[in-house]
Amino acid sequence: MQNNIVKKQSISISSTYFFQKIKNYFSPKFTDINGQKVIKKFPWLALFSWIFVPLAIILLIIAIKPDFQLSRYFWKSLSHFFDTKVNAHIGSAIRTPLDTFILSLQLLWKTIAFSILGTILGILISIPIALLSSKNFIKSPLIYGPFRAIMSIIRAIPPVVFVYIFFLLLSKELSATISIALFVSTLMTKWLYEDLDTYDVKSYYGVQAIGNGKFVAFKNSIFPYLTKRIFSYGFYSFEMVVRFAAILGIVGISTIGELLQDYSDSQNTFSHMSIVIWVLIAFMIMLELINFLVRKYFLEKTPKHPKIDDKLPYNEQLKQLKKQKPKTYIWKISLAIVIIALIIAASFQVDWSLANSIKLSQFKIGIKNLFHPDWSIFNNPGTNPIILGFDALWLAIASSILGLGLALVIGLFASKNIMGIWTALPFKFIIIIFRAIPPFTFAALFLLLSKDSRIFAGT
């Protein structure tokens, strides 16, 4: 019996020692380095990362269901992009490659016209709202809070929804312009007030401290900084809305996207789709070049240090200084003339009339139905918003992870500081090509790859 008691005690001590050893393994370690105690904690984050990241990837793969069943058909279909002498049959009409090229230029100009007017209007709306949303300038959360909330709500609504709403109130072109303006204003507002929140306002208050008013202080300290940001974000927004405007064909607004939709239905018209895509790519390259020139000669231009002969009289030195004064006003005037000319030219592409009585009556019915949801859509798995929402969530997560990986690789190779200018140029060109093609065109092409998984095609 005594042996049993001793045996139990030894088992108890062993188990206690075993559990204490495990506890000590996960507890912080104290290391004495040069008389200083350094705490080394157990790498819980790394452990959970190694466990949950692979698990999350597996779950994502299960959710999006990668599908390469039609890979041969996909590559065979892409080969039709190079059939340069094939005519396209759209309904009863026959279009030659030259017809498609000319039509692409015409519809691209219409797309650009909507985008110019919408972008400039969106920028003008965003500037005062961004200032009212900035914590740096508006100290009361009762003012900046509601402005931020309203713009966040508007930004959450897909722009196509606004196109549908305005389409029943305004002309087709005007509804496109207003929808683009709303889209740009929400993005620009967020970017600008986030920049203004991190802006050092000491110079702004310093100018006021020496007796100047708020307007003079804003003009001298904040406006130059804000101008650079507006141009930078404005160019990026304009590029985005050109691609967004391409999908406006779904509500009957003629844009270059209408051609892409026409030519995505059949392999025989893929060569004509490639013509439209190359027109878009050429425009994006031109836009990239304009962006570079504006940055170099307007936004980031630093004046050279003036050379003055100290031996000359003061008046002669002053004349030398005036002669070497930077001629930035020439660039400013030139840029203003170009923008005004583009606005005037674009305005001729827009029908400024309101919708007819039939559309207005449809709008009244639509607004009424907007506040009386049809709950029966939840009964059908194909239209259930919750199921479709989760599909969209998996798609967004998977595509973001995949896109981030591609961006890191291509972005590094496209950096002239890392790879050199001649290695970087081809990768910059690849980025421009990907950015020029509207997302719905990619979706239409990748649907040829997947037989059963539309989510995979979307990803």
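Here we summarise the structure given alongside this text. Please read these numbers as outputs of a predicted model, since none were measured by experiment.

**Observations regarding the overall build of the protein**
Along the protein, the regular secondary structure elements total 19 helices and four strands. Out of the 459 residues in the protein, the part that is buried amounts to 31%. The long-range fraction of contacts in the protein, counting pairs at least 24 apart against all pairs at least 6 apart in sequence, stands at 72%. Per element, the accessible surface of the protein, about 29700 Å² overall, is 69% carbon and sulfur.

**Topic: the packing of aromatic side chains**
To describe a pair of aromatic rings, you give the distance between the ring centres and the angle between the ring planes. With the rule as written, the count across this model stands at 13 aromatic pairs. When the ring of Phe 68 is compared with that of Phe 456, the centres are 5.1 Å apart and the planes differ by 70°; the resulting orientation is edge-to-face. Highlighted residues: Phe 68 in the loop between α2 (44–64) and α3 (71–78) and Phe 456 in helix α19 (residues 454–458), separated in sequence by 388 residues. Judged by relative accessible area, which is 52%, Phe 68 ranks as exposed. Ring geometry for Trp 191 against Tyr 236: centres 5.8 Å apart, planes inclined by 45°, an arrangement best described as tilted. Of this pair, Trp 191 sits in helix α7 (residues 172–197) while Tyr 236 sits in helix α9 (residues 214–245), and the two are 45 residues apart along the sequence. An aromatic cluster is present here, built from Phe 74, Trp 75 and Phe 446 joined pairwise through their rings. Cation over ring: Lys 359 sits above Phe 167, and NZ or CZ is 3.6 Å from the ring centre.

**Observations regarding helix α17 (residues 421–436)**
At 3.6 residues per turn, the α-helix brings residues three or four places apart onto the same side. Along its 16 residues, α17 runs 22 Å from first to last C-alpha, staying within 8% of the 22 Å computed at 1.5 Å per residue. Buried within α17 are the following residues: Ala 424, Ile 432, Ile 433 and Ala 436.

**Some points on the nonpolar core**
One finds Met 188, Phe 238, Ile 256 and Met 273 to be the most contacted residues of the largest nonpolar core, which totals 78 residues. The residues contacting Met 188, other than those within four sequence positions of it, are Ile 123, Ser 126, Ile 230, Tyr 233, Gly 234 and Ser 237.

**Concerning a nonpolar patch on the surface**
Where nonpolar side chains cluster on the molecular surface, the patch consists of Trp 375, Ile 377, Phe 378, Ile 386, Phe 390, Leu 393, Trp 394, Ile 397 and Ile 401 and spans about 850 Å² of accessible area. On the secondary structure map, Trp 375 appears in the loop between α14 (357–370) and α15 (385–413).

**Examining the environment of Gly 257**
By secondary structure assignment, the location of Gly 257 is in helix α10 (residues 256–263). Gly 257 gets classed as buried once you look at its relative accessible area, which sits at 0%. Separated by 10 residues in the primary sequence, Gly 257 and Ile 247 place their C-alpha atoms 5.4 Å from one another. Discounting chain neighbours no more than four positions away, the residues touching Gly 257 are Ala 246 and Phe 440.

What counts, and where the lines are drawn
Residues numbered from 1 in each chain as written. Predicted model: local features only at pLDDT ≥ 70, side-chain atom pairs only at ≥ 80, totals over all residues. Heavy atoms only, no water. Helix = DSSP H or I, 4+ residues; strand = E, 2+ residues; numbered from the N terminus. Buried < 20%, exposed > 50% of the residue type's maximum accessible area, 1.4 Å probe, protein only. Contact = heavy atoms within 4.5 Å. Areas by Shrake-Rupley, 256 points an atom, 1.4 Å probe, with all protein chains shown as cover. Phe/Tyr/Trp six-rings, centres within 6.5 Å; stacked < 30°, edge-to-face > 60°. Lys NZ or Arg CZ within 6 Å of the ring centre and 35° of its normal. Expected span 1.5 Å × (residues − 1). Core = buried A, V, L, I, M, F, W, Y, C linked by side-chain atoms within 4.5 Å. Patch = residues over 30% accessible without salt bridge, like charges linked within 9 Å, V, L, I, M, F, W, Y side chains within 5 Å. Salt bridge = Lys/Arg side-chain N within 4 Å of Asp/Glu carboxyl O.

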